[in-house]
Amino acid sequence: MTTQDLSPDAPTRCALGLGSNLGDTRAMLAEAVRRLDLTDGITLVSRSSDYRTPPWGPVPQDDYRNICVLVDTTLTPAALLKRCLEIEGELGRVREVRWGPRTIDIDVLIFGLQKVAETDLEIPHPRMADRAFVLIPLAEIWPDAPLGDGRTAVEALKTCPDQDGVVKL
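As a starting point, this report considers the structure included with it. Since this is a predicted model, take the numbers as computed values, not measurements.

Moving on to the overall build of the chain. From N to C terminus, the chain includes four helices and eight strands. When the elements of the chain are put in sequence order from the N terminus, they spell out β-α-β-β-β-α-β-β-β-α-α-β. For a compact globule of 169 residues, the expected C-alpha radius of gyration is about 15 Å, and the chain comes in at 15 Å, within 12% of that figure. Counting only C-alpha atoms and orienting by the principal axes, one finds that the chain spans roughly 40 × 35 × 30 Å. Within the chain, the fraction of its 169 residues that count as buried is 50%. Restricting to contacts in the chain with at least 6 residues of sequence separation, those with at least 24 account for 69%. Accessible surface computed for the chain: about 8600 Å², of which carbon and sulfur atoms make up 51%.

So, about the nonpolar core. One finds L16, L18, L80 and I106 to be the most contacted residues of the largest nonpolar core, which totals 26 residues. Only β1 (12-20), α1 (25-38), β4 (64-73), α2 (77-90), β5 (105-111) and β7 (121-123) provide two or more residues apiece to this core. Each residue touching I106, except ones within four places of it in the same chain, is listed here: L16, G17, L18, A32, C84, I87 and E88. Counting residues in hydrophobic clusters, the runner-up holds 24 residues, among them L70, I136, L157 and V166.

So, about the state of the cysteines. In protein chemistry, a disulfide is the covalent bond that joins the sulfur atoms of two cysteines. The final tally for this structure, using the stated rule, is zero disulfides. Of the cysteine sulfurs around C68, a residue in no disulfide, the closest is that of C160, at 12 Å. Residue C68 is classed as buried on the basis of its relative accessible area, which comes to 1%.

Glancing now at the environment of G112. With respect to the helices and strands, the residue G112 is situated in the loop between β5 and β6 (116-118). Apart from residues no more than four positions distant in its own chain, G112 is found in contact with T12, R13, C14 and P146.

On to the pattern of salt bridges. Within the structure shown, the criterion is met by eleven salt bridges. For the salt bridge of R47 with D50, the shortest nitrogen-to-oxygen distance reads 2.7 Å. With a relative accessible area of 10%, D50 lands in the buried category. Between R151 and D149 there is a salt bridge, with its nearest N and O atoms 2.8 Å apart. One network of salt bridges, with partners in common, ties together E31, R34, R35, R83, E86 and E90.

Rules of the game
- Residues numbered from 1 in each chain as written.
- Predicted model: local features only at pLDDT ≥ 70, side-chain atom pairs only at ≥ 80, totals over all residues.
- Heavy atoms only, no water.
- Helix = DSSP H or I, 4+ residues; strand = E, 2+ residues; numbered from the N terminus.
- Rg over C-alpha atoms; globule rule 2.2 N^0.38 Å.
- Buried < 20%, exposed > 50% of the residue type's maximum accessible area, 1.4 Å probe, protein only.
- Contact = heavy atoms within 4.5 Å.
- Areas by Shrake-Rupley, 256 points an atom, 1.4 Å probe, with all protein chains shown as cover.
- Core = buried A, V, L, I, M, F, W, Y, C linked by side-chain atoms within 4.5 Å.
- Disulfide = S-S within 2.5 Å.
- Salt bridge = Lys/Arg side-chain N within 4 Å of Asp/Glu carboxyl O.

Here it is as structure tokens:
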């Protein structure tokens, strides 16, 4: 880690969304959370329950196991994303088909109140308010999470589609 990976300020509260639908999904999520928590500059604050969720997108595949975690980090948004992608690679993630099956997926959903619009990173996550598999576990651990559109996670859940398919495990 370099000094450019570190934020000059106090830790920032962030939300990450994790999902898996290949292999031992429970173990995969647990290992991803463990690796995040062992990373310098990242402290695990809270972890949601596990949820079984239908796949999103046009690719036929098995259901997912999804969770959200809250972390406090002194990393920059780009460095946090980089670490998430490194963990995905360490756990065998191969990016072949968009919205296809995966051993692990780690998305940066919220980074404090910051807004980031870069080619490979958009924060707050632009589609989270429409995805019950993100909002339900997020609202469980951070009901007033700021989605960037003026709503909180709980408020967005009131109009979010596809909630019936999300089952707490």
